[in-house]
Amino acid sequence: MTDHLELKAYGKINLGLDVVRKREDGYHEVRMIMQTVNLYDKIVMEKTSEPGIRTETNLPYVPDGEGNLAYRAAKLLADEFEIKDGVTIRIKKYIPVAAGMAGGSTDAAAVLVGMNRLFGLGLSKKELMKRGVKLGADVPYCIMRGTALSEGIGEILTELPPAPQCHVVLAKPQVSVSTKVVYGKLRANELKPEQHPDIDGMRHAIENNDLDGVISRLGNVLETVTIPDHPEIGTMKEILMAEGAEGALMSGSGPTVFGIFKDEEAAKHACEVLKKADGGRLTRQVYLTRFFNLRKSDR
Ligand code: ATP
């Protein structure tokens, strides 16, 4: 059995994000179209004879140890399976942090998969997903990956066929957004009908491989909270559209914005324009990427 693993933990965007209602227990019921993108953190896991879980990241503002979701993922399985050996987890972050791209959740998902392989636990993907939800609502999806409809508090997943391919420009403005604060400010039960994105229509468009249908239904109800607080997000969407994006939207609770392009050259040019915007102050994190879906045989 191997005692060293290298894993890719992929980020996601939301092509659609609706909040159906706030439940009495305080949780928000969501309907989201999730899409994995080809932007990933690199994780190296090593089994050690010295007991205990150690985490390291390349960014000073991402916590080590118990504050890191990857640590909590390793601990969950180490406790359940009474694993005596230790494990070292090294994370190189590429996914923007606190950005609406599920960076922490995807690292946790990768570590669950890694622990399963490293220690030969024999858990199926479904069994890993069941445990993942204890760490965060998006963790089961991050284990599943690809294109999916996510409902409930994010844990009820329906796999969809891969969304039609396109070029995706991702950019994070230089502001921090807390998912908790955004949901806290959302008046979910007071939203007007036209503020809810057409999630079922988006699902059908994906099933029909209809990129224009997907683009015309891009929508995220959390923009109603995050954009008034951070006008930079609106500015970025305007730049993307002016540069030829077919559509542009904030991902998750933000502040990351993505633009969908059919033309690769236009997408590359948009990246350059974003990097120079406001004398380089608008954003320092701009990426050109694609949707990521595993081949059917790999799922
Ligand atoms: P989501 O889209 O699920 O709301 P996010 O992309 O907005 O997530 P994360 O990148 O997951 O946010 O980071 C949120 C906070 O979680 C960070 O401020 C950081 O302190 C903490 N955190 C814990 N573990 C990690 C990790 N492995 N990578 C990034 N952040 C982490």
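Residues numbered from 1 in each chain as written. Predicted model: local features only at pLDDT ≥ 70, side-chain atom pairs only at ≥ 80, totals over all residues. Heavy atoms only, no water.

Trainee: When you look at helix 10 (residues 264-276) in this model, what are you seeing that I'm missing?
Mentor: Along an α-helix, a turn takes 3.6 residues, which lines up residues three or four apart on a common side. Between its first and last C-alpha, helix 10 extends 19 Å over 13 residues, near the 18 Å set by a 1.5 Å rise per residue. Next to the buried residues of helix 10 lie strand 7 (167-173), helix 9 (231-242), strand 10 (257-261) and strand 11 (283-289). In the stretch just after helix 10, D278 is the one whose phi turns positive, near 50°. (Helix = DSSP H or I, 4+ residues; strand = E, 2+ residues; numbered from the N terminus. Expected span 1.5 Å × (residues − 1). Contact = heavy atoms within 4.5 Å.)

Trainee: What am I meant to see in the site of the ligand here?
Mentor: Taken together, 19 residues are adjacent to the ligand, and K93, A98, G104, D107 and T179 come closest. K93 has a polar side-chain atom sitting 2.9 Å from a nitrogen atom of the ligand. If the ligand stood free it would expose 610 Å²; the protein chains cover 78% of that surface. For the ligand, the cavity whose grid points lie within 2 Å of the majority of its atoms is the largest pocket. When residues of the shell around the ligand are assigned to their parent elements, the largest contribution, four residues, is made by helix 2 (residues 103-118). For the shell around the ligand, the residue count by class is eight nonpolar, seven polar and four charged. (Near = heavy atom within 4 Å. Polar contact = N/O pair within 3.5 Å; in protein donor to acceptor, adjacent residues only side chain to side chain. Areas by Shrake-Rupley, 256 points an atom, 1.4 Å probe, with all protein chains shown as cover. 1 Å grid on protein atoms, 1.4 Å probe; cavity = no way out; pocket = protein on both sides within 12 Å on 5 of 7 lines; lining within 4 Å. Sits in = over half its atoms within 2 Å of the grid points. Nonpolar A, V, L, I, M, F, W, Y, C, P; charged D, E, K, R; others polar.)

Trainee: Explanation requested: the environment of I33 in the structure shown.
Mentor: Note on placement: I33 falls in strand 2 (residues 28-48). I33 sits 23 residues away from Y10 along the chain, and the two C-alpha atoms are 16 Å apart.

Trainee: Would you take a moment to explain helix 9 for this structure?
Mentor: Its 12 residues give helix 9 an end-to-end C-alpha distance of 17 Å, which sits within 8% of 16 Å, the value for a rise of 1.5 Å per residue. All buried positions along helix 9 are accounted for by I233, G234, M236, K237, I239 and L240. On its buried face, helix 9 is in contact with strand 7, helix 8 (223-229), strand 9 (247-250), strand 10, helix 10 and strand 11. (Buried < 20%, exposed > 50% of the residue type's maximum accessible area, 1.4 Å probe, protein only.)

All we've got here are geometric facts, nothing functional implied.
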